[in-house]
Amino acid sequence: MGKALIVYFSRKGENYWNGSMKNLEKGNTEIVAEMIAELTGGELFEVKRITDYAAEYRKCVEEAKEEFQTGVRPEIKTFKESIDDYDTVFVGFPNWCGTMPMVMFTFLEHYDWSGKRIFPFCTNEGSGMGRSEDDLKKSCPGATIGKGLSIHGAEAAQSRDKVEDWVKNTRQ
Ligand SMILES: Cc1cc2nc3c(=O)[nH]c(=O)nc-3n(C[C@H](O)[C@H](O)[C@H](O)COP(=O)(O)O)c2cc1C
């Protein structure tokens, strides 16, 4: 089993958390990404927009909606130089507008995914994986997309057992 890469986007700041607003010091998806890194010994790579999304929830929703509606591929701070060394890539993101945040499309469309295995994980407030798995298939031709993991964002820190079970299945 080759080394795994864990690519994720996650946003700190104000967010809905079990129905009320909370200021998150660490994003929900990042919590899960770190668990996967620990369980697999894989390497983490965080996708960051060139300018951060607004920390204020409502402003961020506006930004996200506009990006989603225009289908833009927002500029990101850095790309990973190469993904050649990894045969398995875990791709993590919050569900935004029913799919991945547009920065994930920017990242994914940069690489040749032939022969790679992708396992998506998504934190959300109820929409599950949404359309993300279909969108991943389109953005990463040639990859095999494995069963995704949906985690309720507010329960990210308590989801270790669920994450561990899922990771075990991806390593077979
Ligand atoms: C801009 C924006 C759009 C969102 N859209 C959805 C959505 O369509 N469905 C859903 O279940 N949750 C939605 N959420 C909630 C997030 O998916 C959820 O809070 C997630 O755990 C945040 O992960 P993060 O802390 O890693 O960024 C949205 C949150 C934001 C900020």
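- The protein is annotated in an unreviewed UniProt entry as NAD(P)H-dependent oxidoreductase of Candidatus Anaerobutyricum stercoris.

Brief notes about the layout of surface pockets
Logical step 1: Its boundaries defined by the atoms lining it, the largest pocket holds a volume of some 480 Å³.
Logical step 2: Lining the largest pocket we find 24 residues, and of these Asn15, Tyr57, Pro94, Asn95 and Trp96 sit closest to its centre.
Logical step 3: For the lining of the largest pocket, the elements supplying multiple residues, two or more each, are strand E2 (13–17), helix H1 (28–40), helix H2 (57–70) and strand E6 (117–124).
Logical step 4: Ranked by residue count, the leading element in the lining of the largest pocket is H2, at five residues.
Logical step 5: Grouping the constituent residues of the lining of the largest pocket by class yields nine nonpolar, 12 polar and three charged.
Logical step 6: Its boundaries defined by the atoms lining it, the second largest pocket holds a volume of some 210 Å³.
Logical step 7: Along the walls of the second largest pocket sit Phe9, Ser10, Arg11, Lys12, Glu46, Val47, Lys48, Arg49, Asp52, Tyr53, Ala55 and Lys77, which together make up its complete lining.
Logical step 8: In terms of residue class, the lining of the second largest pocket is made up of four nonpolar, one polar and seven charged.

Points about empty space enclosed by the protein
Logical step 1: Applying the stated criterion across every chain, the model contains one cavity of 30 Å³ or more.
Logical step 2: What the largest cavity holds in volume is close to 40 Å³.
Logical step 3: Lining the largest cavity are Tyr53, Ala64, Glu67, Phe68, Trp96, Cys97, Met100, Pro101 and Met102.
Logical step 4: Broken down by element, the lining of the largest cavity gets its largest block of residues, three residues, from H2.
Logical step 5: Residues that form the lining of the largest cavity fall into these classes: eight nonpolar, no polar and one charged.

Side note on the UniProt feature "domain: Flavodoxin-like" (unreviewed entry) in the protein
Logical step 1: In the numbering used here, UniProt assigns the "domain: Flavodoxin-like" (unreviewed entry) feature to residues 27–169.
Logical step 2: Within the segment residues 27–169, helix and strand shares are 36% and 17% respectively, and the terminal C-alpha atoms sit 25 Å apart.

A closer look at the site of the ligand
Logical step 1: The environment of the ligand is made up of 22 residues, and the closest members are Ser10, Asn28, Thr29, Thr123 and Ser127.
Logical step 2: One of the backbone nitrogen or oxygen atoms of Glu125 is found 3.0 Å away from an oxygen atom of the ligand.
Logical step 3: The separation between a nitrogen atom of the ligand and a polar side-chain atom of Ser127 is 2.7 Å.
Logical step 4: With respect to the pocket detection grid, the ligand is positioned in the largest pocket.
Logical step 5: Elements represented by at least two residues in the shell around the ligand include exactly H1, H2 and E6.

Remarks on the packing of H1 against helix H5 (residues 160–170)
Logical step 1: The interhelical angle for the contact between H1 and H5, taken along N-to-C directions, is 50°, at an axis separation of 10 Å. On the basis of the axis angle, H1 is oblique to H5. H5 is crossed by H1, and the crossing has right-handed handedness. For the pair H1 and H5, the contacting residues are Val32, Met35, Ile36, Glu38, Leu39 and Thr40 in the first and Arg160, Val163, Glu164, Trp166 and Val167 in the second.
Logical step 2: Across the contact of H1 with H5, the residue classes tally to seven nonpolar, one polar and three charged.

Cut-offs applied
- Residues numbered from 1 in each chain as written.
- Predicted model: local features only at pLDDT ≥ 70, side-chain atom pairs only at ≥ 80, totals over all residues.
- Heavy atoms only, no water.
- 1 Å grid on protein atoms, 1.4 Å probe; cavity = no way out; pocket = protein on both sides within 12 Å on 5 of 7 lines; lining within 4 Å.
- Points joined across faces, edges and corners; volume = space filled by probe spheres on them.
- Helix = DSSP H or I, 4+ residues; strand = E, 2+ residues; numbered from the N terminus.
- Nonpolar A, V, L, I, M, F, W, Y, C, P; charged D, E, K, R; others polar.
- UniProt positions renumbered as here; feature names shortened; annotations may be inferred.
- Near = heavy atom within 4 Å.
- Polar contact = N/O pair within 3.5 Å; in protein donor to acceptor, adjacent residues only side chain to side chain.
- Sits in = over half its atoms within 2 Å of the grid points.
- Axes fitted to C-alpha atoms, helices over the stretch in contact; angles between N-to-C directions.
- Parallel < 35°, antiparallel > 145°, perpendicular 65-115°, else oblique.
- Left-handed = near helix turned anticlockwise from the far one by under 90°.
- Contact = heavy atoms within 4.5 Å.

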